[in-house]
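# Notes for the structure review
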Amino acid sequence: MRITKKIKAEQVAILEAVYSDVKPALRFRNPFELLIAVILSAQCTDVRVNITTERLFAKAPDAEAIIAMGLAELEKEIKDCGLFRNKAKNIMATCHILAEEFGGQVPEDFDTLLKLPGVGRKTANVVTSIAFNRPAIAVDTHVFRVSNRLKLAVGETPLEVEEGLMKAIPQTLWSQAHHWLIWHGRRVCKARKPLCEECPLGEVCPSRGRV
DNA sequence: CTCCCGATAT
DNA sequence: ATATCAGGAG
């Protein structure tokens, strides 16, 4: 199958129709909680992150409280999420920067977010898009895999896919499209055993049956 | 490129 | 038993 702009537009239309009601899987009450939840979500399921953050934020709901808790205690709190030494160190360093440079608040500027320890392009895009409601497409493992399989956006790096998606999708839909692709990736276009037979995008997917 | 890493799905 | 999970840093 040759992927034309018309087919990409059809893929976007189907995704929008099927996944119009999806919302973020990570639970959070403010930009700070979202930032910490996304840092924790690396190589970890959203279900496990939600269990962890509910306990963590009950004890330490902001940057000052996490600093007061100390690194050893923070490591215990987030251990179940994996990569816990790196994540704890990064979260602690980020909390210090937030407390000392931004009055405990999460900065809205994208490049400022990127400089925070443990915050890469994907996390910065999630915060930009979801917490601050500005157009951005965060490319995580699901978005990367689904975009490449559909050839909606092809690339060997998340940045290449992000740029391709921004061309293929109207800016007003960027933030939603991120969620469409994630949900599609989890429920249907799964990494291990994709459900091509029951995929609503089967007719417009060049990878159908050969993954 | 490698390392970090426990929990979960298959 | 192994692949994968809302990645990022060195």
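Residues numbered from 1 in each chain as written. Chains lettered and ligands numbered in written order. Predicted model: local features only at pLDDT ≥ 70, side-chain atom pairs only at ≥ 80, totals over all residues. Heavy atoms only, no water.

### A look at the protein's contact with DNA strand B
With respect to spatial proximity, the complete set of residues near DNA strand B consists of Gln43, Arg48, Lys79, Asp80, Gly82, Leu83, Phe84, Arg85, Asn86, Lys190 and Arg192. Among the atoms of DNA strand B lying within 4 Å of the protein, the sugar-phosphate backbone contributes 60%. Residue arginine 48 places a side-chain N or O atom 2.3 Å away from a phosphate oxygen belonging to DNA strand B. Lysine 190 is positioned with one of its side-chain polar atoms (N or O) 3.3 Å from a phosphate oxygen of DNA strand B. Residue contributions to the surface near DNA strand B peak at three residues, all from helix 6 (residues 84-101). (Near = heavy atom within 4 Å. Polar contact = N/O pair within 3.5 Å; in protein donor to acceptor, adjacent residues only side chain to side chain. Helix = DSSP H or I, 4+ residues; strand = E, 2+ residues; numbered from the N terminus.)

### Remarks on the side chain of threonine 52
Turning to its location among the elements, threonine 52 is positioned in helix 3 (residues 46-59). Here the side chain of threonine 52 touches arginine 48 through a polar contact of 3.0 Å, landing on its backbone oxygen. In this view, threonine 52 contacts Leu40, Glu77, Ile78, Asp80 and Cys81; residues no more than four positions away in its chain are not counted. (Contact = heavy atoms within 4.5 Å.)

### Here's the deal with the domain arrangement of chain A
How large an interface is tends to be reported as the accessible area lost when its parts come together. According to the domain assignment, chain A contains domain 1 (5-23 + 136-204) and domain 2 (31-131). In this structure, domain 1 and domain 2 have C-alpha centres spaced 27 Å apart. In this assembly, eleven residues from domain 1 lie in contact with eight residues from domain 2. Roughly 720 Å² of surface becomes buried between domain 1 and domain 2 when both sides are summed, with 55% attributable to carbon and sulfur atoms. Viewed at the interface, domain 2 and domain 1 are joined by two salt bridges. Taking the shortest distance from any N to any O, the salt bridge between glutamate 162 and arginine 121 comes out at 2.7 Å. (Domains from an automatic or database assignment. Buried area = accessible area lost by both parts, 1.4 Å probe. Salt bridge = Lys/Arg side-chain N within 4 Å of Asp/Glu carboxyl O.)

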